[in-house]
Every structure is written in structure tokens, then in C-alpha cells.
Amino acid sequence: MTNKYPLKKPYETNELVGHLEVQQQLYRLYKSGLTRNSIILRGLKGIGKATLAFKFAFYLQQNSVENKNNVNFEPFNNMDFSRDIDLLLSGSHPNVMHVHPYMFEEDNLRGDIKVDHIRWLKSKITGTISNKYMRVCVIDSICNANTSACNALLKMIEEPPINTMFILINHSGDAVIQTIKSRCMVINVDNLDIDDIEKITKKTIEDFDINKFINLIKYKISPGIIINLLENNVFEIRDELNDILNNMPYNNINNIINISNNLSKKINEDRFFISIELLFLWVNKKVHSLIDLDVNRLIVYKWTDCWSENSIKYKALQDLNLNKDQIILNLLQDVNELMQINLK
């Protein structure tokens with residue numbers, strides 16, 4: 001499938017927007033002699049963590065650890081990494097490796113990093129390094145690695161080849177197994193400010209209006225999230241959900257079941273999560289509107305319980321192996337019942 005808004009690979013641009021404090025932190029790690037060989041970059045999805053990782057990897061190709069005492073801090077944007085970018089794009093970079101779910105198969109439906117990906121990485125970093133610079137392996141992202149891949153990676157992190165560093169990308173809210181996390185230095189990457197988000201996104205979408213998205217998702221926003229929302233026709237999903245919610249309550253439970261089934265047939269995994277987030281946002285706004293109207297507090301508490309109880313189920317979705325269709329159905333049923341109470 002062709003993307004409407006194709007993004008460059010995280011290492012394909014010489015520009016890095018924001019994250020100056022993390023750049024300084026990585027520089028201090030370099031000056032310390034890279035005392036930790038494994039790093040986790042943790043933050044909201046789509047803010048440029050992988051881009052930051054590759055910039056640091058390229059930085060280490062221009063500054064050997066042996067020469068660290070003669071190197072002063074310089075923002076990564078001030079450096080020319082075009083040679084490293086060209087080498088990595090051609091698949092011939094000797095020192096920088098990129099492990100991601102789609103490196104062998106573009107249609108990897110599960111979107112996971114498998115043990116074969118880690119075996120490939122091991123084959124690339126086995127043996128002595130051919131120059132004085134660090135080998136850097138970017139795992140993008142560790143959240144996508146299945147159990148077998150995590151176990152294989154753990155062995156490499158525990159006994160790393162000489163002059164080799166692992167940088168693991170970790171999206172906020174996604175768990176990393178404790179045995180890997182305990183062996184890594186965790187660096188938190190802050191969200192981008194609104195101006196930076198707008199600057200980055202306008203490189204892909206010229207007529208981009210950030211205000212539409214601030215009102216739409218409110219709490220979680222990044223260039224990557226915005227592109228994903230547009231790829232999945234977020235405004236179409238929003239309008240369809242608004243039609244359903246504005247026509248509530250339905251007296252016949254079969255109406256809710258049919259609506260839920262119709263929604264489920266139309267949505268892939270990304271659209272499912274977008275739909276759920278929009279439903280929760282609608283419920284959240286409903287609670288605040290009831291508070292402003294000074295309605296019976298018991299009604300407000302029921303709406304608040306609806307939001308919190310369904311949020312818990314949603315967050316536990318993977319751990320409990322819950323049915324995605326059932327999550328949507330339960331939430332719609334709860335909202336429908338509450339809409340009936342409000343009419344009494």
C-alpha cells in the first residue's frame with residue numbers, strides 16, 4: 001500500500017529538530033568513555049527518538065572514544081553526516097546497523113522483530129571491528145521484539161562484542177522486559193513543543209493545521225502520530241463515530257452490536273486504536289460538559305466510572321488477551337446506557 005504521506009527513514013535526513021538536552025547527555029556519555037554499552041531512548045512515539053539515535057551513531061563515526069578529551073560539544077545539526085547516511089541507505093555501512101520489523105519483509109503483518117532479525121545482527125557484529133570507531137546497533141523498536149528476539153538480544157547485551165553499542169528505541173507506555181531494562185541506561189526523551197511539531201510536519205504536509213490535531217487528540221501529539229492519523233483517515237473515523245454517538249440512545253441492544261460489528265470490519269489495528277482513543281476523548285468531553293451544566297453528581301460519577309473502567313480494560317488489552325471487538329462493544333454499550341439515564 002502506498003502511503004499518502006511518505007516519511008523519510010529515521011537516518012535519511014541531516015536535520016534533527018529539538019532534543020538538545022538529550023544530545024548533551026549523549027555527549028557526556030561519550031566523554032565518559034561510553035561506560036554503558038546499551039541505551040534505551042524512551043519517549044512518545046513519533047518524536048524523533050530513532051533519528052536522534054542515528055545522529056549519535058553517526059557522531060561516533062566521526063569522534064573516536066580515544067580522542068574524547070579533544071572533542072567539545074557540538075549540536076548534531078552542526079555536523080555533516082551525509083557520508084554515513086549514504087552508506088546506510090546503500091546497506092553498506094560497516095559500523096551502523098538498523099534492526100526493524102520490515103527489514104526482511106515489507107508486509108510483515110505482525111509488525112514484530114523476530115529472532116532471525118537478531119541473528120542477522122549477531123552475524124554483522126561478530127569478529128573484530130575494522131576501524132577505531134564504535135559499532136552501533138539501533139533496535140527500532142524494542143517494543144516490537146517478540147520473546148525469542150528479546151532473549152537473543154539479551155545475550156548480546158550481556159556479553160557485547162568490543163567497541164559495540166546498542167541503542168533501543170522504547171515508546172512511552174510500552175513495556176521493556178526487566179532483564180533487558182536493568183542492563184541499559186534509560187534516557188527519557190521529552191515531547192517536542194508545538195512549534196517544533198508544526199515545523200517537522202509541514203515538511204511533509206504543506207497545508208498542515210496543527211490546531212485541528214490539538215483539539216482532536218489533546219494529550220498525545222507528535223509528528224509521527226499526526227502522520228499515522230492522516231494515513232488512517234482520522235477525520236473520517238471521527239465523523240462516523242460522532243454520527244453513532246449523536247444518535248444514541250438506541251433502545252434495541254442489537255443496534256449497538258451491529259454498529260460495533262460494522263466498525264470492527266472496517267478497521268485495521270491502527271484504526272482500531274484511533275477509534276478507541278476518539279471514543280475515550282468523547283467520553284472525557286462529555287464528563288466535563290456535565291460538570292459545567294451542574295447536573296446531578298451521581299450522573300457525573302457514572303460517566304467517570306465508564307471512562308475509568310473501560311480505560312483499564314483498554315490498557316490491559318494485550319496482557320489479558322482481550323478481544324478488540326469486545327472492547328468497542330463494551331464501551332458503546334456503557335455509553336448507550338448512560339445516554340438513557342441522562343434522558344430521565
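No experiment lies behind these values; they were computed from the predicted model shown. (Residues numbered from 1 in each chain as written. Predicted model: local features only at pLDDT ≥ 70, side-chain atom pairs only at ≥ 80, totals over all residues. Heavy atoms only, no water.)

What about the pattern of salt bridges?
If you walk through the whole model with that rule in mind, you get seven salt bridges. Residue Arg183 pairs with Glu158 through a salt bridge whose shortest N-O separation is 3.1 Å. Taken together, the residues span a long stretch of sequence, with Arg183 in the loop between helix 6 (178-181) and strand 5 (185-188) and Glu158 in helix 5 (residues 147-158) at a distance of 25 residues. Judged by its relative accessible area of 41%, Glu158 falls in the partly exposed class. (Salt bridge = Lys/Arg side-chain N within 4 Å of Asp/Glu carboxyl O. Helix = DSSP H or I, 4+ residues; strand = E, 2+ residues; numbered from the N terminus. Buried < 20%, exposed > 50% of the residue type's maximum accessible area, 1.4 Å probe, protein only.)

What to know about the pairing of strand 1 (residues 38-43)
A regular strand places its side chains on the two faces of the sheet in alternate fashion. Across the six residues of strand 1, five count as buried, placing the element largely inside the fold. Direction of pairing for strand 1 relative to strand 4 (residues 164-171): parallel, over a ladder of six bridges. Among the inter-strand pairings, Leu41 is bridged to a residue of strand 4, identified as Ile169. As paired strands, strand 1 and strand 5 are joined by four bridges and run parallel to one another. Residue Ile40 lies in a different strand from strand 5, and its bridge partner there is Val186. (Pairing = 2+ DSSP bridges.)

Section: the sheet that holds strand 2 (residues 96-99)
Spatially, the five strands line up as an open sheet ordered 2-3-4-1-5, and their pairing is parallel. Strand pairing shows two members of the sheet lacking a second neighbour, strand 2 and strand 5, which therefore form its edges. Strand-to-strand, the axes of this sheet are offset by a mean angle of 20°, without reference to chain direction. Relative to strand 4, strand 3 (residues 135-139) is paired through five bridges, and the arrangement is parallel. Its bridge partner being in strand 4, Cys137 is matched across the sheet by Phe166. (Axes fitted to C-alpha atoms, helices over the stretch in contact; angles between N-to-C directions.)

Details of unusual backbone geometry
The peptide bond linking Asp140 to Ser141 adopts the cis configuration, its omega dihedral lying at 5°. With an omega dihedral of 10°, the bond running from Met248 to Pro249 counts as a cis peptide bond. Topologically, Pro249 is positioned in the loop between helix 10 (234-246) and helix 11 (253-266).

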